[in-house]
Amino acid sequence: MATLKTLVAAACLLVALFAGEARGKREWAVLVCGSRGYFNYRHHADVCHAYQTLRRRGIPDERIITMMYDDVANDRRNPFPGQLFNRPTNGSNAIDVYKGCLKDYTGPAVTPENFLNVIRGEHEKMLGIGSGKVLNSTAEDDVFINFVDHGAPGLIAFPTGELRAKPLLEALEVMYEKKMYDNLVFYMEACESGSMFQKLPTGRNVYAVTAANARESSWATYCPPLQDKVNGVNLNTCLGDDFSIRWLEDTDSENADGRETLLQQYQRVRAKTKKSHVLDFGDIKRIAADDISNFLGDPAPEEDNPFAKALREEALNDDENALVDSRDVPFVSKFYRYMRHKTPEAEMELHEEMAHRKHVDALFAKITNALLTDDDDITEALSAVPPTNPSEWSCHEETHRFFKSMCTDGKGFSDYSLKYSATLLTLCEKLSAKAKTRAGHISQILSTMAEVCN
């Protein structure tokens, strides 16, 4: 019977694949994890889960391009070496999403430049790097892009470097001009991710969905102390991101006999994502009515969908207390790792994290107090909430880059300190109105940072 079921499932998959080829339309996907380090476990698990879901829904490896630093599965802190889990379990039926998760670009190859080259189909620029795969899609194909990592106003982070909204939108425009897709869907998991698509034009057949608006964090889920246990073992970090888990589990639970549209998924995911505001951008009316299967492949038969089985057999409490602000995941993870194990290493990690946060808070307090005199302005800037409708993006880019090079001992922004990129944007906005020259406020901020960080 098992053999017969396998043959039937394989036959269904072949029919779906050949049907897609016959109509000239194929699905392509680019999956990107932009972070590194064990306490960003969730990002790696999200992306490998997405890969497994797309493969199970019939999209072949040759049309999935995956980028991830790939330093988490075999991190010494991982109690399951060589495995990743995107969902906690009470029993022993956990699904390892890392097994078979093919990675085209890893380690130092995961950069903003390489990502842009991949989605623009720049074959020559990727020769000798990773697998060399780039999007080879046509005007008849549908493209799905999924990015998962940290962000700040107007940018998303990579292991080294950041990608700003402007070059990302320019790359999407190049794809449109080169006729690299019929329709394109972009799901983005990052803090302030809504700021990346505020200037996305309509009429380009692009539909983007973000985990958060332009002025808030995204949130991690399946976190300690309540929901980080797999097969009876605590992982001491968050296993997934709230928005990503919502769309992935919604996709996994789609009935093979039914059809879910992008709009329906957006509405469900938005309703279930409690701590941030999921938004959509672009050609909403034109594309949101399309089936998710156009971009994510056709639903897998039930017997070939362990994710759906896990969702059905082991319902988890929808507990907001299991959610953690993305900026605070390293601290929360290290705190519970220490409380559970009390090892010298865990104590040192927690102490270093607390000292780092205290240092960053003090540094930005000094910079802000040196530049602003009004107490309300100072409080607003140090709240690390981006201003509404900012315009000083050139100032923000320059001050962000300067702080990164001068004030971080060459380490760059951390998961925590990245929140203060919003403070830099607020300083740019408030000081630009008082500047005597067009770039005077930029010089003022840079010289103050140099003095404070020296």
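Notes on the structure follow.

Conventions we followed
Residues numbered from 1 in each chain as written. Predicted model: local features only at pLDDT ≥ 70, side-chain atom pairs only at ≥ 80, totals over all residues. Heavy atoms only, no water. Buried < 20%, exposed > 50% of the residue type's maximum accessible area, 1.4 Å probe, protein only. Helix = DSSP H or I, 4+ residues; strand = E, 2+ residues; numbered from the N terminus. Pairing = 2+ DSSP bridges. Expected span 1.5 Å × (residues − 1). Core = buried A, V, L, I, M, F, W, Y, C linked by side-chain atoms within 4.5 Å. Contact = heavy atoms within 4.5 Å. Axes fitted to C-alpha atoms, helices over the stretch in contact; angles between N-to-C directions. Parallel < 35°, antiparallel > 145°, perpendicular 65-115°, else oblique. Left-handed = near helix turned anticlockwise from the far one by under 90°. Nonpolar A, V, L, I, M, F, W, Y, C, P; charged D, E, K, R; others polar. Disulfide = S-S within 2.5 Å.

## Some remarks on the pairing of strand E7 (residues 183-189)
Buried residues dominate E7, accounting for seven of its seven residues. Going residue by residue along E7, you find Asn 183, Val 185, Tyr 187 and Glu 189 tucked away on one face and Leu 184, Phe 186 and Met 188 tucked away on the opposite face as well. Sheet topology places strand E3 (residues 142-148) next to E7; seven bridges connect them, and they run parallel. Considered in E7, the bridge of Phe 147 is made with Met 188. Both E7 and strand E8 (residues 206-210) contribute to a ladder of five bridges, which runs parallel.

## Considering helix H2 (residues 41-56)
The terminal C-alpha atoms of H2, which comprises 16 residues, lie 22 Å apart, in line with the 22 Å expected from a rise of 1.5 Å per residue. Counting buried positions over the 16 residues of H2 gives 14, a clear majority of the element. Two residues or fewer after H2 comes Gly 58, characterised by a positive phi angle close to 100°.

## Focus on the sheet that holds strand E12 (residues 240-241)
Judged by pairing direction, the sheet is antiparallel, and its three strands sit side by side in the order E12-E9-E14 without closing on themselves. Both edges of this open sheet fall to E12 and strand E14 (324-325), since each of them pairs with a single strand only. As paired strands, strand E9 (residues 219-221) and E12 are joined by two bridges and run antiparallel to one another. Bridged to Ala 220 within E12 is Asp 241.

## Description of the nonpolar core
Counting residues in hydrophobic clusters, the biggest one holds 48 residues, and the most contacted among them are Leu 31, Tyr 41, Phe 144 and Trp 247. Secondary structure elements with two or more residues in this core: strand E1 (27-33), H2, E3, E7, E8, helix H5 (242-252), helix H6 (262-272) and helix H8 (293-296). Considering each element in turn, this core owes the most residues, seven residues, to H2. Discounting chain neighbours no more than four positions away, the residues touching Tyr 41 are Val 72, Asn 78, Gln 83, Leu 84, Phe 85, Leu 235, Thr 237, Cys 238 and Leu 239. Of all hydrophobic cores here, the second largest spans 39 residues; its members include Val 30, Val 118, Ile 119 and Leu 163.

## Some points on the sheet that holds strand E6 (residues 162-164)
Taken in spatial order, the three strands line up as E4-E5-E6 in an open sheet, and their pairing is antiparallel. At either margin of the open sheet sits one strand with a lone partner, and together these are strand E4 (151-152) and E6. Across two bridges, E4 lies against strand E5 (residues 155-157) in antiparallel orientation. Residue pairing across strands places Gly 151 opposite Ile 156, the latter belonging to E5.

## Focus: unusual backbone geometry
In this chain, Pro 224 is followed by Pro 225 through a cis amide linkage whose omega measures 10°. Looking at the element boundaries, Pro 225 is found in the loop between E9 and strand E10 (229-230). Positive phi outside glycine occurs at Asp 70, with the angle close to 65°. Within the secondary structure, Asp 70 sits in the loop between strand E2 (64-67) and helix H3 (112-119). What makes Asp 70 partly exposed here is its relative accessible area of 26%.

## Some details on the packing of helix H10 (residues 329-341) against helix H11 (residues 344-371)
Between H10 and H11, the least distance of the axes is 8 Å, while the angle of their chain directions is 150°. With respect to their mutual orientation, H10 and H11 come out roughly antiparallel. Relative to H11, H10 is oriented so that their crossing is left-handed. Residues Pro 330, Phe 331, Lys 334, Phe 335, Arg 337 and Tyr 338 of H10 form the contact with H11, whose own contacting residues are Glu 345, Ala 346, Glu 347, Glu 349, Leu 350, Glu 353, Met 354 and Arg 357. The residue inventory of the contact of H10 with H11, partitioned by class, reads seven nonpolar, no polar and seven charged.

## Examining the state of the cysteines
A complete count under the given rule lists four disulfides for this structure. Across the disulfide, Cys 223 is cross-linked to Cys 238 (sulfur-sulfur distance 2.1 Å). Taking the sign of the S-S torsion, about 115° here, the bridge from Cys 223 to Cys 238 comes out right-handed. Highlighted residues: Cys 223 in the loop between E9 and E10 and Cys 238 in the loop between strand E11 (233-234) and E12, separated in sequence by 15 residues. Here Cys 33 is not disulfide-linked; the sulfur of Cys 48 is the nearest cysteine sulfur, at 8.4 Å. Since its relative accessible area comes to 0%, Cys 33 is described here as buried. Cys 191 takes part in no disulfide bond, and the closest cysteine sulfur, belonging to Cys 238, lies 12 Å away. Judged by relative accessible area, which is 1%, Cys 191 ranks as buried.

## Quick look at the packing of H11 against helix H15 (residues 440-453)
Between H11 and H15, the least distance of the axes is 10 Å, while the angle of their chain directions is 135°. Between H11 and H15, the angle is such that the two are oblique. The handedness of the crossing between H11 and H15 is right-handed. Across the interface between the two elements, Leu 363, Lys 366, Ile 367, Ala 370 and Leu 371 of H11 pack against Gln 444, Ile 445, Thr 448, Met 449, Val 452 and Cys 453 of H15. Of the residues contributing to the contact of H11 with H15, the split by class is eight nonpolar, two polar and one charged.

Keep in mind these values describe shape, not function.
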